[in-house]
Amino acid sequence: MSMQCQEPSEKGETGTQSRRGSPGAAEEPPPEEARLAHALRELREAGWYWGRLTVLEANEKLKETREGTFLIRDSSHSGYLLTISVKTSAGPTNLRIEYQNGTFRLDSFVCVQSRLKQFESVVHLVDYYVQMSKEKRTDPEALGTGNVHLYLTQPLYMSTPPLQHLCRLTINKCTSTIWELPLPTRLKNYLEEYKFQV
């Protein structure tokens, strides 16, 4: 499957600016806005969201990494919130993430958009494609641009994650039944806050 991967320009840097709302209002945000805020909080917690990084800066950071290394950054295109920058066999490339109707999916040509999975958060999306890359599955959603395949295998962290978070990732890789583990409830709640393997 072919994906649109090139960021056309550095102009129109948008990213995750604050949402509109009346100042000083004590009302709860609408459900979609609350879901987006939760998804972005979850993404920041992951440790591989780099914020306002330009295309050139992202490419530079990925240049010396292994194939499959990726990061998430604010998109430089005004129509998108986020972009995945990933090292491929042909070098670093960029793939936009669409946010529409409360869900995230990879940007693609219109003819294949309906076949792409949609996710409630960016971390869900990335976790899915990391697992797919590990299995090296080829299905209608296989990430690819022409003859270059995009494998997401390991994140590029902004800084070394806390040991607590690394332990949580390891536990998530070993089991999906957190509540059956012989652990205190407080620790199980912590594990439940981030149930991903990446």
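Conventions used here
- Sequence order as written defines the numbering, with residues in each chain counted from 1.
- The predicted origin of the model limits local features to residues at a pLDDT of at least 70 and limits the giving and counting of side-chain atom pairs to 80 or more, whereas totals for whole chains, interfaces and linings rest on all residues.
- No hydrogens and no water enter the side-chain calculation; it runs on all heavy atoms of the structure.
- Only the six-membered ring of Trp is used, alongside the rings of Phe and Tyr, when aromatic pairs are assigned; centres must lie within 6.5 Å, and planes under 30 degrees apart are stacked while those over 60 apart are edge-to-face, with the rest tilted.
- Going along the chain from the N terminus, every DSSP run of H or I of four or more residues is numbered as a helix, and every run of E of two or more is numbered as a strand.
- Each residue is assigned to one of three classes by its accessible area relative to the maximum for its type, calculated with a 1.4 Å probe on protein chains only: buried under 20%, partly exposed between the two thresholds, exposed over 50%.
- Salt bridge, as used here, is a side-chain nitrogen of Lys or Arg placed within 4 Å of a carboxyl oxygen of Asp or Glu.

Participant: Looking at this structure, how should I read the packing of aromatic side chains?
Facilitator: Each aromatic ring pair is summarised here by two numbers: the centre-to-centre distance and the angle between the ring planes. Counted according to the given criterion, the structure contains six aromatic pairs. A centroid spacing of 5.6 Å and a plane angle of 70° characterise the contact between Trp48 and Phe70, whose relative ring orientation is edge-to-face. Pair noted here: Trp48 is in the loop between α1 (31-46) and α2 (55-62) and Phe70 is in strand β1 (residues 69-74), with a separation of 22 residues, a long-range link. The class of Trp48 is buried, set by a relative accessible area of 0%. By relative accessible area, Phe70 is classed as buried at 0%. Grouped by ring-pair contacts, the aromatic residues Phe119, Tyr128 and Tyr129 constitute a single cluster.

Participant: Quick question: what am I supposed to make of the pattern of salt bridges here?
Facilitator: It is possible for side chains bearing opposite charge to pair when their charged atoms get close. Applying the stated criterion across every chain yields a total of five salt bridges. For Glu60, the salt bridge goes to Lys63, with nearest N and O atoms at 3.3 Å. The residue Arg96 makes a salt bridge to Asp107 at a minimum N-O spacing of 3.7 Å. With Arg96 in strand β3 (residues 91-100) and Asp107 in the loop between β4 (103-106) and α3 (110-113), this residue pair connects regions lying eleven residues apart in the sequence.

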